[in-house]
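# Understanding the architecture of this molecule
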Amino acid sequence: MAPSTPATPMIDVAGLRKTYSTRDGAIVTLDGVSFSVAAQEFVSVLGPSGCGKTTVLKIIAGLVPPSDGQVQIEGIRVTGSQRKIGIVFQVPALMRWRTAIGNVMLPAEILGLDPVRSRHRAAELMKLVGLADFATKYPNELSGGMQQRVAIARALVHDPSILLLDEPFSALDMMTRNQLNIELLRIWSERRKTSLLITHSIPEAVFLSDRVVVLGPRPANVLEIVPVPLPRPRTPEMRVTTDFMKIVDHIGRRIGLEYV
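To keep things clear, this report deals only with the structure shown in the data block. Just so it is clear, the model here is predicted, and its values are computed rather than measured. (Residues numbered from 1 in each chain as written. Predicted model: local features only at pLDDT ≥ 70, side-chain atom pairs only at ≥ 80, totals over all residues. Heavy atoms only, no water.)

## Notes on the packing of helix α3 (residues 115-128) against helix α5 (residues 174-191)
Viewed as axis vectors pointing N to C, α3 and α5 meet at an angle of 135°, and their least axial separation amounts to 11 Å. Here α5 runs oblique to α3, going by the angle between their axes. Contacts between α3 and α5 pair Arg121, Leu125 and Leu128 from the former with Arg186, Ile187, Glu190 and Arg191 from the latter. Residue composition of the contact of α3 with α5, by class: 3 nonpolar, no polar and 4 charged. (Axes fitted to C-alpha atoms, helices over the stretch in contact; angles between N-to-C directions. Helix = DSSP H or I, 4+ residues; strand = E, 2+ residues; numbered from the N terminus. Parallel < 35°, antiparallel > 145°, perpendicular 65-115°, else oblique. Contact = heavy atoms within 4.5 Å. Nonpolar A, V, L, I, M, F, W, Y, C, P; charged D, E, K, R; others polar.)

Now the structure itself:
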């Protein structure tokens with residue numbers, strides 16, 4: 001499967017290298033990672049545990065600087081946090097003393113956005129993620145899957161151009177995870193945000209993505225960029241098709257796993 005490069009990158013990652021200093025010397029996490037994401041594209045970054053996937057996301061988000069290389073968002077080099085980016089982390093990290101819609105509103109409050117307009121948008125997003133009836137509930141009244149839906153709505157409340165997702169479903173049971181994969185695709189299809197998912201699940205990456213960036217073990221570089229030519233909209237039944245399993249098996253063999 002040949003690599004594919006988008007014609008109009010929204011995100012351009014070029015030669016990322018990241019080195020951390022420790023008591024035992026320097027540790028190289030990333031070693032020349034390069035790829036692009038087109039506007040409205042859904043791309044996953046996948047690789048072995050500890051290979052630096054989350055580090056890539058943090059550099060794109062401007063949360064940590066690269067040791068070498070650069071990231072450009074719409075042609076402008078990233079040098080700090082980006083207002084045009086929304087992030088969903090592995091743990092929802094909701095404020096327990098705020099209601100669900102209060103948690104969704106938080107980025108709008110921090111950014112000083114119009115409160116009336118933001119409240120209306122937050123209510124729309126609660127409906128979008130299927131939680132309109134739970135807007136006034138507190139985090140301890142919500143399941144893990146519901147909390148992660150609130151986190152997705154929170155990431156979208158300031159209307160970012162880009163959605164970054166750092167293994168958002170990895171702590172959930174398989175049934176809930178598969179359901180939220182469907183929900184995420186529905187949200188993506190409605191809002192068409194440029195989306196980058198960090199995951200260690202090959203089937204999840206294939207099911208959600210237009211392309212999968214496969215990283216090798218640390219120090220990570222790009223082993224291959226695998227296109228996913230499955231039709232959209234994606235359906236649960238697609239997971240058991242021959243075409244789906246061929247892509248899963250190809251990626252698995254690329255990183256040393258076998259799916260049979």
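Once you've had a look at it, read on.
## With respect to the pairing of strand β7 (residues 162-166)
Where burial is concerned, most of β7 is hidden: 5 out of the 5 residues are buried. Residues Ile162, Leu164 and Asp166 point to one face of β7 and Leu163 and Leu165 to the other, with burial holding for every one of them. Summarising the sheet, strand β6 (residues 85-88) and β7 pair through 4 bridges and their orientation is parallel. Bridged to isoleucine 85 within β7 is isoleucine 162. Pairing of β7 with strand β8 (residues 194-199) involves 5 bridges; the strand directions are parallel. Bridge assignment links leucine 163 to a residue of β8, and that residue is serine 195. The parallel pair β7 and β8, bridged by α5, forms a crossover whose chirality is right-handed. (Buried < 20%, exposed > 50% of the residue type's maximum accessible area, 1.4 Å probe, protein only. Pairing = 2+ DSSP bridges. Right-handed = clockwise from strand over helix to strand, strands pointing away.)

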